[in-house]
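# Commentary on secondary and tertiary structure
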Amino acid sequence: LSYYKIGYNVSRALTGFFYKVTVGYQDEAALSRIPKRDVVVYLMNHRSNADYVLVTVVLARVVSISYAVGEWARTWPLEYIFKSFGSYFIRRRFREPLYHTVLERFIHLITKNGVTQGIFPEGGLTRDGALRPPKIGLLDYIVRTTTDPDFDGDVWLVPVGINYDRVFEDRSLTKELIVGGARPSRLGQFLGVLSFIGANLGRLLTGQLKRYGRAAVNFGTPLSVRSWLITQPSGVLDLPKADRLPYVQRLAQAAMDRVGAVIPVTPVPLGALALVSFHASVIAHDALLERLDYLRDQLTELSAKIVRSELTADEVWDRAWRTFRMRRWLLRDGPNYVVLPEARPLLEYYANSIRHLMSNADGPAPLTPAHGPDLSLPRLGPQAH
């Protein structure tokens, strides 16, 4: 009742209100080969707290998901809502051994009994837009279910790539990393949320509210845990924890590489990548389109999953420009665009969501500027892992 009658309908209404939802790519052949008796675990990159809602909508007609949810949701009424959807809470910074013993037993039981789970291996929201290294605690608990003699099935890790043309929390996330900037207080974050809600209500009442572009989800090639075990030393999951975790870490990284490979390329991240590649505040329109076209060609050659890949560079830029103009990140000055200083960290944030897809490009690096960056401009610092 909670998941399908209430949760799904509310989630579908909310996502449709704010985004145009796209499922651009699925490895349907590989996904269809997963036996129905086996257990499926969806591994997702974590861009926004809206990820839970988005994936619920996309997969609701296929399966219900039990999410591993962080402590941020253990507040009224979110705690009761998530529990009613079959989710469970993770205290990632809680070091009590008894807690982790009970948590491991709980995850073992739900996995053994075929519960489909959704986890975010990064362990939290990305602050700089890039993928974070995977944390392996939950994955270790899940894969060790295969050592249970009463469990004769397999566990399949399905990579899920998520991306947005606008992340609701982008400003609060990037403020934590701006070099020389002050970390926002809880009161400041709360007032920012109220301001966001108020602004959207005002646009709704005046008929000026527009959707925030694309919210895209892709599903990659699943990874079989039992097939992975065949390539590892015998009894690797029965080793002591200190000896076992390096193997699980490699499995987690292999799964995250698959997640990264299917992250959708939507217009705003692609436009942001083109803009920040110049390391300049004034960019000519023609040069920008040329760079955008070049980046798209490179991404296509690298088998990146580009949303609406049939669009021309002009059409892609037109969609990105609508967001940049609405959010007052860029100004048009004749044949040029002027990047406003306070927008640069946000542009970096969106560019970072797909920058890793260019890392294997052949030839000269497309992001090498003609001159060094202006270090006096606001920019993102490194994210702590």
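To start, this report covers the structure provided alongside it. (Residues numbered from 1 in each chain as written. Predicted model: local features only at pLDDT ≥ 70, side-chain atom pairs only at ≥ 80, totals over all residues. Heavy atoms only, no water.)

### Section: the packing of helix 11 (residues 267-276) against helix 12 (residues 285-301)
Each pair of packed helices gets described by two things: the angle between the helix axes and the distance between those axes. Their axes nearest at 9 Å, the elements helix 11 and helix 12 cross at an angle of 120°. Relative to helix 12, the element helix 11 is oriented oblique. The handedness of the crossing between helix 11 and helix 12 comes out as right-handed. Of the residues in helix 12, those touching helix 11 at Leu-270, Gly-271, Leu-273, Ala-274 and Leu-275 are Leu-288, Arg-291, Leu-292, Leu-295, Arg-296 and Leu-299. Looking at the contact of helix 11 with helix 12 residue by residue, the class counts come to eight nonpolar, one polar and two charged. (Axes fitted to C-alpha atoms, helices over the stretch in contact; angles between N-to-C directions. Helix = DSSP H or I, 4+ residues; strand = E, 2+ residues; numbered from the N terminus. Parallel < 35°, antiparallel > 145°, perpendicular 65-115°, else oblique. Left-handed = near helix turned anticlockwise from the far one by under 90°. Contact = heavy atoms within 4.5 Å. Nonpolar A, V, L, I, M, F, W, Y, C, P; charged D, E, K, R; others polar.)

### Quick notes on the sheet that holds strand 9 (residues 282-284)
The sheet built from three strands is open, its strands ordered 9-11-10 with antiparallel pairing. Only two strands of the sheet have a single neighbouring strand rather than two, namely strand 9 and strand 10 (330-333). The sheet shows a mean angle of 30° between the axes of neighbouring strands, direction not considered. (Pairing = 2+ DSSP bridges.)

### Some remarks on the pattern of salt bridges
Counted according to the given criterion, the structure contains 13 salt bridges. In this structure, Lys-112 engages Asp-148 in a salt bridge whose closest nitrogen and oxygen atoms are separated by 3.4 Å. Highlighted residues: Lys-112 in helix 5 (residues 97-112) and Asp-148 in the loop between helix 6 (137-143) and strand 6 (155-164), separated in sequence by 36 residues. For Lys-112, a relative accessible area of 29% translates into the label partly exposed. Look at Asp-148 and you get buried, because its relative accessible area is 13%. Of the charged contacts in the structure, one is a salt bridge between Asp-293 and Arg-296, with a shortest N-O distance of 3.8 Å. With a gap of three residues between them, Asp-293 and Arg-296 both fall in helix 12, about one helical turn apart. For Asp-293, a relative accessible area of 33% gives the class partly exposed. (Salt bridge = Lys/Arg side-chain N within 4 Å of Asp/Glu carboxyl O. Buried < 20%, exposed > 50% of the residue type's maximum accessible area, 1.4 Å probe, protein only.)

### Some remarks on the pairing of strand 6
In summary, the side chains of a regular strand alternate between the two faces of the sheet. The buried fraction of strand 6 is high, at 10 of 10 residues. The sheet contact formed by strand 2 (residues 39-44) and strand 6 spans six bridges and is parallel. When the bridges of strand 6 are listed, Val-40 appears paired with Trp-156. Where strand 6 lies against strand 7 (residues 214-219), five bridges are found, and the strand directions are antiparallel. Each residue of the ladder has a partner; that of Gly-161, found in strand 7, is Asn-218.

### Considerations on the side chain of Thr-266
Take Thr-266: it is sitting in the loop between helix 10 (241-261) and helix 11. Side chain to side chain, Thr-266 and Asp-165 meet in a polar contact 2.9 Å long. For Thr-266, the contacting residues outside a window of four places in its chain are Tyr-164, Asp-165, Arg-214, Ala-216 and Val-307. (Polar contact = N/O pair within 3.5 Å; in protein donor to acceptor, adjacent residues only side chain to side chain.)

### Here we look at the packing of helix 11 against helix 13 (residues 313-326)
Close contact between helix 11 and helix 13 brings their axes to 8 Å; oriented N to C, the two are set at 90°. Of the possible angle classes, the one that applies to helix 11 and helix 13 is roughly perpendicular. Residues Pro-267, Val-268, Leu-270, Gly-271, Ala-272 and Leu-275 of helix 11 lie in contact with helix 13, whose contacting residues are Val-316, Trp-317, Arg-319, Ala-320, Thr-323 and Phe-324. Per-class residue counts for the contact of helix 11 with helix 13 are nine nonpolar, two polar and one charged.

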